[in-house]
Structures are given as structure tokens and as C-alpha cells.
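Residue strings, one per chain:
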Amino acid sequence: MNTIWALAGVVIKEMYRRKDFYVLFVLTALITIAAGMVNFFDDPKIVRYVKDICMLLIWISALLIAIVTTARQIPAERESRTIFPLLAKPVTRGQFILGKFFGCWLATGIALLVFYVFFAIITGSREQYWPWLTYLQAIWLQWAMLAVVIALSLCGSIISAAPSSTTTICFIAVAGILLFGGHLNMVALHQSQPLQTIFYTIYFLIPHLEWFDIRDRVIYDWGLVNWLDCVLATLYAAAYTGLFLLLTWLGFRRKSLNT
Amino acid sequence: MSIILKTEKLRVEFTSGELRQTTKVALGSLDLEVNVGEVFGFLGPNGAGKTTAINVLLGFVPPTRGAAYLFGIDVRQPIARQRIGYLPEMTYYYKFLTAEELLRFYARIFGLPRAEADKRIDQLLKLVELEQARKRSIKSYSKGMQQRVGLAQALINNPDLLILDEPTSGLDPLGRMKVREIIQRLKNEGKTVFFSSHELGEVETVCDRVAIINQGELKATGRVSDLVAQHQANLEKAFLDIIGYQTQSAS
Ligand SMILES: Nc1ncnc2c1ncn2[C@@H]1O[C@H](COP(=O)(O)OP(=O)(O)O)[C@@H](O)[C@H]1O
Ligand SMILES: [Mg+2]
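Residues numbered from 1 in each chain as written. Chains lettered and ligands numbered in written order. Predicted model: local features only at pLDDT ≥ 70, side-chain atom pairs only at ≥ 80, totals over all residues. Heavy atoms only, no water.

## A closer look at the overall build of chain A
When helices and strands are tallied, chain A shows eleven helices and zero strands. Secondary structure of chain A in N-to-C order comes out as α-α-α-α-α-α-α-α-α-α-α. Against the compact-globule benchmark of 18 Å for 259 residues, chain A has a radius of gyration of 20 Å, which places it among compact chains. Considered along the principal axes of its C-alpha atoms, chain A spans approximately 65 × 50 × 35 Å. (Helix = DSSP H or I, 4+ residues; strand = E, 2+ residues; numbered from the N terminus. Rg over C-alpha atoms; globule rule 2.2 N^0.38 Å.)

Encoded structure:
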């Protein structure tokens, strides 16, 4: 366990010593504040609109941070050759993968927390209203969803050595699931065979990341999600995360590591 | 004398290309034995198979045939690596960390308690002369400093056996001398050092025994003085002789 935390610690240090996170945060903050400035007419809907933009930016930024950070971990270890002194120590390949996973997940979690604090301050200062529990649910579900995304990216980085292609493919896959994943069964309904079966199969195989998106509840203040549903969603995310980590380990376990 | 490192008929083939049609034999059938307390030089020209052999010892590359043992344990078992230190060829350590942070990270992997790790890190930074730079991030280090950080990380667990892959390559004469001094000091502490090199000058001064390989085959093994006597020449001449290179003057 100590080994896994040591590995995770390095990933977290890397995140806050690199610039990517700050750039995304400053961009999100600037765009949100700029959107808030448009409030000339004192339109009550404007707050909702600012919330909507800010939430969207938080989702995009968190996905970018998660995927970009994860996809480069293992290729960078191989490129700089640090993987050699590391695996020559009493570190198993399984611990190496878990350490990278927890490092990326915790680092993304810290970033997410910073974004949500900003969101709470901005909207709270407008509305004098802080629905903490809703925020807590939103951040938790989003973080659980990101665990699946991170495990998927790690798996991708084993298959393809170039971080940029891993990043692109994962981002497209995740965005595709978030935008269309929930509608695939409807699409399937209107197709003829064999397309129908293919669409249904995809619908049942993909992790339904869109279930974790409760932005509308935060923006329109629709109240809390049933806590039991939160627990089930968490278990669902854990199952997919475990599956992707297992695949990563299977791919990496016997990999020859020279050059 | 007990044997600490051993390979038996070790063969490594690499297959590459589409449909795996080309096979490259990096190591033919390597037999090596290194005794406890020796400084052992593993010599050969570039591409001879030195790094490949070391990669097998560390479990990075599986042997195609044959076997390798550290402390009598098959290298396929991770436990064989508990008491070793390893310095890879040209490694660029996490450049966003400082030397101190890097060593603390490795110390944690070995489960060293905090106080012991602090003491060890102080000792090592002193040994490799990086005390001044310990709080600077590694990206500002010169090549020689990087190599010395590498040596320090290889020693973090106070290993009994050190495996160094070309520890002096790319260093200036002063840097090379410092690395040699460190190897000498480790030998005096009773440690076994196995290192690869293609620099003959340094080998003569620090090694008890050497093995010379070329194109994946063991060509000679023994004490430096014996090899030199056999070939009635200095080590460099003997080396060229052994790897089958005909010198111009030998007319
Ligand atoms: N992954 C690989 N695929 C194909 N050939 C390889 C691979 N790695 C090393 N080789 C070949 O094996 C031989 C030995 O290489 P290496 O052990 O790195 O030599 P050295 O360390 O002695 O310079 C070389 O001819 C090299 O080209
Ligand atoms: Mg080499």
C-alpha cells in the first residue's frame, strides 16, 4: 500500500508543478466571470446561464485534465526510462498501475475541488444560496465518473505508445458516450438488422458515463438525487474502473520493457 | 566463494517486423558467474548484448532460453531483486522533483522508516557530492549530476549487489573518476559490483575480473592481469584481439 501511495504522490506533485491545470482553471474562471459581466439587464435568468457555462467548462476541463495526465504517465516513464529503476525495486507491475491510477484520480479530484469551490463562490455571491449537499453529490458523481475515464485512458496508454493519440481517442470515446450513449437504444430501435443488434450491443457494453452528469440539478436547483442511487452509481463506476484496470494489468504484466 | 549472480546458457532473441519474420539473436548462450565481493566488468562493444543481459537480470526482458539467478533465486521472481541496486543506462529522472524528493520517493518504496531514510539520504547526497543541489529540481542538473543522482538512487536500500549499466558513459574525465572512486569505495565496504562498459581504461583500475562479449557470445573471462599476460599486450589490445579485430600494425 505504501508503494502505491508513494507512486501516487509523484503523480500529484507532477500535476501541481506543471502548468496545464492552472491554464484550464484560469480560462474557466475568466470565461465565467466574463459571462457574469454581461448581466446589464439584471435578468434573473442570467445567473442560470452563467452557471450553465461554468459547469460545462468544469466538465470539459476535468475530462481534459484526467485524460491528458493519465495518457502520458506510462509513456513518459518509458521515454525517460525511469520505469527501469522503478521496476528494478520491489514494485510489482500491478502496484505500478494502481499507483498511477490513484495518483491521476486523486490529482483530478483535487483539481475538481478547486473548480467547485470557485463555482460555489461565484454563484453563492450572486444568489446568497449554498446548496452544499447538491454540490457534494455533483462532485462525487463526477469524480466517480472520472475514475472510469482514467482507468480507460491508462488502458489506452498501454496499447498505444503515443500519448497524443491515446488522448484523442479517449476524449472522443468519452465525449461520444456522454453525448450519445444514452440515446443509442433509441437509435437502435429505428435501424434494420444487423445494425440494430450492433447498436444494442454497444449500448449494453459501454459504461454509461452520462448517468453521472447531474449538472441540470445544480443549475436548476432540482434538489438531491436519491442517496441509494448515488451508492449504486458509485458501485457501477467501481465495476467499470476495476474492469479497465484489470485489462491494463493483463496487457502490461508480461510486456517486454527493453528500449 | 559463493556465487551471487549467475546466468546459464542464457539466450535472448528479439522478433521484429510485421508477421514477426525477422529474428535477432541479442544473446547466444551466455554463462556468467560473479562471486560475492567482486567488482566484475562486463565488457563488449556497442550492440554486443550487455544491456540485454542486464535487462534479463532485472526481469524486464524474459529469456528465450536458459536462466539467470541473483542470490540463487530465479530472476523471474521479483523477490530476487530485494537486495540489489540498479543504475540504468541514460535515465532522465522525474525532472519536476528535487534530488531529495526523488530519493525520498525511492526510500518509501523500500519501506524505510522516516528517520532512517533521512539519514541515508544525507549520506548518499554527500557520497555523490550533490548536497549543494539537493533542493534544486532535477531539470537544472548537468548530465554528470543526473548520473550521480542515479548512483544515489541505486544505493538507497544499501544493496549487497550493484548492477550498473555503463555508469560512466557520457561523463567527462572528472565525472568518470568520481564514479570509479564510488565503485572502489563500495568494494571496500564488501559489496559486489557488476558493471558494463566499453571504456577499457577504467576497467583495468577497478575490476577484479572481466567478461568480454561480442555479438551475443562470451569471448573471454578472467582476471585482467591474466588476459593481458595471455595476449602479451595491454587490455585494449587484448580486447581488440578477443573480439576479432585485426589491428593494422600486426603485420
Ligand atoms: N527491442 C529490440 N528489438 C530488436 N533488436 C534489439 C532490441 N533491443 C536490442 N536489440 C539488439 O540486440 C543487440 C544487443 O543490444 P544491447 O544489449 O543494447 O547492446 P549493448 O548494451 O551491449 O550496447 C543489438 O544488436 C541491438 O540492436
Ligand atoms: Mg547498452
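## So, the packing of helix 5 (residues 93–127) of chain A against helix 6 (residues 132–159) of chain A
Residues and elements named next belong to chain A. For the pair helix 5 and helix 6, interaxial distance at closest approach is 9 Å and the crossing angle is 150 degrees. Classified by the angle between their axes, helix 5 and helix 6 sit roughly antiparallel to one another. You can see that helix 5 and helix 6 cross each other, and the crossing is right-handed. Partitioning the contact of helix 5 with helix 6 into residue classes produces 20 nonpolar, four polar and one charged. (Axes fitted to C-alpha atoms, helices over the stretch in contact; angles between N-to-C directions. Parallel < 35°, antiparallel > 145°, perpendicular 65-115°, else oblique. Left-handed = near helix turned anticlockwise from the far one by under 90°. Nonpolar A, V, L, I, M, F, W, Y, C, P; charged D, E, K, R; others polar.)

## Looking at the sheet that holds strand 2 (residues 22–35) of chain B
All names here are of chain B. With respect to topology, four strands assemble into an open sheet ordered 2-1-4-5, the strand pairing being antiparallel. The open sheet has two edge strands with one neighbour each: strand 2 and strand 5 (73–74). Here strand 1 (residues 3–16) runs beside strand 4 (residues 65–70); their pairing, made up of five bridges, is antiparallel. Pairing of Arg11 across the sheet is with Arg65, part of strand 4. On top of the sheet, helix 1 (residues 50–57) reaches strand 1, strand 2 and strand 4; it is set at about 115 degrees to strand 1, its chief contact. (Pairing = 2+ DSSP bridges. Contact = heavy atoms within 4.5 Å.)

## Topic: the packing of aromatic side chains
Any two aromatic rings considered together are summarised by their centre-to-centre distance and by the angle between their planes. Within the structure shown, the criterion is met by 28 aromatic pairs over all chains. Measuring from centroid to centroid gives 4.8 Å for A:Phe84 and B:Phe60, while their planes differ by 65 degrees, and the two rings are edge-to-face. Of this pair, A:Phe84 sits in helix 4 (residues 83–87) while B:Phe60 sits in the loop between helix 1 and strand 4, placing the two residues on different chains. Classification of A:Phe84 as buried rests on a relative accessible area of 2%. (Phe/Tyr/Trp six-rings, centres within 6.5 Å; stacked < 30°, edge-to-face > 60°. Buried < 20%, exposed > 50% of the residue type's maximum accessible area, 1.4 Å probe, protein only.)

## Regarding the interface of chain A and chain B
Chain A puts 26 residues into the contact, and the matching count from chain B is 29 residues. When chain A packs against chain B, the two sides together hide about 2500 Å² of surface, and 65% of this comes from carbon and sulfur. On the chain A side of the interface with chain B, the three residues burying the most area are A:Arg81, A:Lys89 and A:Pro90, jointly 22% of the side's total. Summed over the shared surface of chain A and chain B, the number is one salt bridge. The shortest N-O distance in the salt bridge between B:Glu101 and A:Arg17 comes to 2.8 Å. (Buried area = accessible area lost by both parts, 1.4 Å probe. Salt bridge = Lys/Arg side-chain N within 4 Å of Asp/Glu carboxyl O.)

## Some words on the site of ligand 1
The full set of residues close to ligand 1 is A:Asn258, B:Phe14, B:Lys24, B:Ala26, B:Pro45, B:Asn46, B:Gly47, B:Ala48, B:Gly49, B:Lys50, B:Thr51 and B:Thr52. Looking at what sits near ligand 1, you find residues from chains A and B. Measuring from an oxygen atom of ligand 1, one finds a side-chain N or O atom of B:Lys24 at 3.2 Å. The contact in question runs from an oxygen atom of ligand 1 to an N or O atom on the backbone of B:Gly49, over 3.0 Å. A total of 560 Å² of accessible area belongs to ligand 1 in isolation, and the protein chains cover 72% of it. For the shell around ligand 1, the secondary-structure elements that each account for two or more residues are strand 2 and helix 1 of chain B. The biggest single contributor to the shell around ligand 1 is helix 1 of chain B, with three residues. (Near = heavy atom within 4 Å. Polar contact = N/O pair within 3.5 Å; in protein donor to acceptor, adjacent residues only side chain to side chain. Areas by Shrake-Rupley, 256 points an atom, 1.4 Å probe, with all protein chains shown as cover.)

## Thoughts on the pattern of salt bridges
Residue and element names in this part refer to chain B. Counted by the stated rule, this structure contains 21 salt bridges over all chains. Residue Arg83 is joined to Asp160 by a salt bridge in which the shortest nitrogen-to-oxygen separation is 3.3 Å. Here the residue Arg83 occupies a position in the loop between strand 5 and strand 6 (84–87), and Asp160 occupies one in the loop between helix 4 (143–154) and strand 7 (161–165), the gap between them amounting to 77 residues. Residue Arg83 is classed as partly exposed on the basis of its relative accessible area, which comes to 32%. As a salt-bridge pair, Glu129 and Lys178 come within 3.3 Å of each other at their nearest N and O atoms. Separated by 49 residues along the polypeptide, Glu129 in the loop between helix 3 (114–127) and helix 4 and Lys178 in helix 5 (residues 173–188) bring together distant segments of the chain. A cluster of three or more residues bridged by salt bridges with shared partners is formed by Glu100, Arg104, Asp118, Asp122, Arg134 and Lys135.

## Quick look at the coordination of the magnesium ion (ligand 2)
Residue and element names in this part refer to chain B. Taken together, Thr51 (OG1) and Glu89 (OE) make up the protein donors of the magnesium ion (ligand 2), found 2.0 to 2.7 Å from the metal. Here the residue Thr51 occupies a position in helix 1, and Glu89 occupies one in the loop between strand 6 and helix 2 (99–109), the gap between them amounting to 38 residues. Relative accessible area serves as the criterion here: at 18%, Glu89 is assigned to the buried category. (Donors = N, O, S within 2.8 Å, 3.2 Å for Na, K, Ca; no water.)

## Side note on the sheet that holds strand 10 (residues 217–223) of chain B
All names here are of chain B. Spatially, 6-7-8-3-9-10 is the arrangement adopted by the six strands of the open sheet, whose pairing is mixed. For this open sheet the edge positions go to strand 6 and strand 10, each flanked by a neighbour on one side alone. Neighbour-to-neighbour, the strand axes of this sheet turn through a mean angle of 15 degrees, independent of strand direction. When strand 6 meets strand 7, the two strands line up parallel, connected through four bridges.

## A look at the pairing of strand 7 of chain B
Residues and elements named next belong to chain B. Counting buried positions over the five residues of strand 7 gives five, a clear majority of the element. Side chains of strand 7 alternate between two faces, with Leu161, Ile163 and Asp165 and Leu162 and Leu164 buried alike. On the question of chirality, the crossover connecting strand 7 to the parallel strand 8 (residues 192–197) by way of helix 5 is right-handed. (Right-handed = clockwise from strand over helix to strand, strands pointing away.)

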